[in-house]
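As a plain string of letters, each chain reads:
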Amino acid sequence: MIGGYVAAYFLSNPNEVEVAPALLAELKTYNIYDTQHLLPKEIFSWDGLLSLRGFLLLVAGGFLVGFGTRYAGGCTSGHAIMGLSNLQWPSLIATICFMIGGFVMANLILPIIMKL
Amino acid sequence: MKNFSETRIADFEVEINEASESNSRTKHSWLYNIKYLIVGVLFGIVFVKAEIISWFRIQEMFRFQSFHMYGVIGSAVFVGMISIWVIKKFNIKTIRGETITFQSKKFNKGQVFGGLLFGLGWAMTGACPGPLFAQIGTGALVVIVVLICAVAGTWVYGYLREKLPH
């Protein structure tokens, strides 16, 4: 938290976040225009939390992150970075599953949630 | 802090070397703990500056729209490999002279089911557990809700652990 604060308030980049044009175009169809910060305010704000899609993303998403991390026995740094560096094949399986979960969410489920 | 005697019952999670843990637990001066603070703050700054806590970068990664995250994670793995090789080769010790041991991970089905669930959550929130804290630090206070839900998720896992396939 301190690191995030220091980076955001003392080392920050005043420019907008550069976002891939294809993603920007897709986000526009969901009424997401804010690229000022690392997180779009249409979802990551108290107002966003009160919308159905924002509530789903933040609450259900947060729950899945916590539940999945413990169930898998590690997160991105534990499995993908540390586990792969140490050539642990269970970590490779976990990392592949992280990516499959992400692909399914980003490409198949998220478009439905974003239109709620 | 984790309760080690409790998690040992049916531990599918990463084991922590008990011997070194009890060794390093002997004295806890603030000076001793400050190294965690320094590394943590640096980690947070890197998270923000590398934009890996950005929801946009995560969405791009899962849509193959940018190389950014693959580059960051790939170079982290590369540096990690070299670090582990150097630590093993020269038998490097911790600051307090403890030997560093690497434990092999054992496969269980949790890595598949948990991994898939985590992946879903990752694409929704744009954050894995560490970046949640950094996101809050950047001023996105609503992420506190995400963090609370993530902690709730770890509790529910603990509650259901015996019933879940591993």
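Since we're looking at a predicted model, the values are computed, not measured.

Describing the overall build of chain A
Stage number 1. Scanning chain A for helices and strands turns up six helices and zero strands.
Stage number 2. Counted from the first residue to the last, chain A has its helices and strands arranged as α-α-α-α-α-α.
Stage number 3. C-alpha atoms of chain A, sized along the principal axes, occupy 40 × 35 × 25 Å.
Stage number 4. When burial is assessed residue by residue, chain A has 52% of its 116 residues classed as buried.
Stage number 5. Partitioning the intrachain contacts of chain A with sequence separation of at least 6 by distance along the chain shows that 26% fall at a separation of at least 24.
Stage number 6. With an accessible surface of roughly 5500 Å², chain A has 70% of that area assigned to carbon and sulfur atoms.
Stage number 7. Taking the average location of the 5 positive side-chain charges in chain A and that of its 6 negative ones, the two points are 9 Å from each other.

Points about the packing of helix 5 (residues 76-85) of chain A against helix 5 (residues 68-90) of chain B
Stage number 1. Viewed as axis vectors pointing N to C, helix 5 of chain A and helix 5 of chain B meet at an angle of 50°, and their least axial separation amounts to 7 Å. Between helix 5 of chain A and helix 5 of chain B, the crossing angle belongs to the class labelled oblique. In this structure, helix 5 of chain A crosses over helix 5 of chain B, and the sense of that crossing is right-handed. Mapping the contact onto sequence places Thr76, Ala80, Ile81, Met82, Leu84 and Ser85 of chain A in helix 5 of chain A and Ile73, Ala76, Val77, Gly80, Met81 and Ile84 of chain B in helix 5 of chain B.
Stage number 2. Residue composition of the contact of helix 5 of chain A with helix 5 of chain B, by class: nine nonpolar, three polar and no charged.

Looking at the nonpolar core
Stage number 1. One finds Ile43, Phe44 and Met114 of chain A together with Trp55, Phe62, Trp122 and Val143 of chain B to be the most contacted residues of the largest nonpolar core, which totals 59 residues.
Stage number 2. A total of eight residues in this core trace back to one element, the largest contributor, which is helix 6 (residues 89-114) of chain A.
Stage number 3. If near-sequence neighbours (up to four positions away) are discounted, Ile43 of chain A is found in contact with Ile32, Gly48, Leu49, Gly54, Leu57, Leu58 and Met114 of chain A together with Trp55 of chain B.

Quick look at the packing of aromatic side chains
Stage number 1. Enumeration according to the criterion identifies 16 aromatic pairs over all chains in this entry.
Stage number 2. With 5.5 Å between their ring centres and 20° between their planes, Trp89 of chain A and Phe107 of chain B make a pair best called stacked. Linking Trp89 of chain A in helix 6 with Phe107 of chain B in the loop between helix 5 and helix 6 (110-125), this pair reaches from one chain into another.
Stage number 3. Overall, Trp89 of chain A belongs to the exposed group, its relative accessible area being 54%.
Stage number 4. Judged by its relative accessible area of 38%, Phe107 of chain B is partly exposed.
Stage number 5. With 6.0 Å between their ring centres and 80° between their planes, Trp55 of chain B and Phe56 of chain B make a pair best called edge-to-face. Summarising the burial analysis for this pair, Trp55 of chain B and Phe56 of chain B share the class buried.
Stage number 6. Its guanidinium or amino end placed over the ring of Tyr159 of chain B, Lys163 of chain B lies 5.5 Å from that ring's centre, counting from NZ or CZ.

About the cut-offs
- In this numbering scheme, every chain counts its residues from 1 along its sequence in written order.
- Chains carry letters and ligands carry numbers; both start at the beginning, A for chains and 1 for ligands, and go up in the order they are written.
- In keeping with the predicted nature of the model, local features appear solely for residues at pLDDT of at least 70, side-chain atom pairs appear and are counted solely at 80 or more, and the whole-chain, interface and lining totals rest on all residues.
- Note: side-chain values were computed over all heavy atoms of the structure, leaving out hydrogens and water.
- By the criteria applied, helices consist of DSSP H or I runs no shorter than four residues and strands consist of E runs no shorter than two, each listed in order from the N terminus.
- Accessible area is worked out with a 1.4 Å probe on protein chains only. A residue is then buried under 20% of its type maximum, exposed over 50%, and partly exposed in between.
- Throughout, a contact is declared for two residues whenever any of their heavy atoms are within 4.5 Å.
- Only the protein chains shown count as cover for residues, and the accessible areas themselves come from Shrake-Rupley with a 1.4 Å probe.
- Charge assignment in this entry is limited to Lys and Arg as positive and Asp and Glu as negative, and neither His nor the chain termini are counted.
- In this description, the location of a charge corresponds to atom NZ of lysine, CZ of arginine, CG of aspartate or CD of glutamate.
- Fitting a line to C-alpha atoms yields each axis, with helices limited to the stretch in contact; the angle taken between N-to-C directions then spans 0 to 180 degrees.
- For classification purposes, angles smaller than 35 degrees are called roughly parallel, those larger than 145 roughly antiparallel, those between 65 and 115 roughly perpendicular, and all remaining angles oblique.
- By definition, turning the near helix anticlockwise from the far helix through less than a right angle yields a left-handed crossing, and turning it clockwise yields a right-handed one.
- All amino acids are sorted into three groups, where Ala, Val, Leu, Ile, Met, Phe, Trp, Tyr, Cys and Pro are nonpolar, Asp, Glu, Lys and Arg are charged, and the leftover types, Gly among them, are polar.
- In this description, a nonpolar core means a group of buried Ala, Val, Leu, Ile, Met, Phe, Trp, Tyr and Cys residues linked to one another through side-chain atoms lying within 4.5 Å.
- Geometry of aromatic contacts follows a simple scheme: Phe, Tyr and Trp rings, the Trp one being its six-membered ring, pair when their centres are within 6.5 Å, and the pair is stacked under 30 degrees between planes, edge-to-face over 60, tilted otherwise.
- The rule is short: NZ of Lys or CZ of Arg within 6 Å of the ring centre and within 35 degrees of the ring normal puts a charge over the ring.

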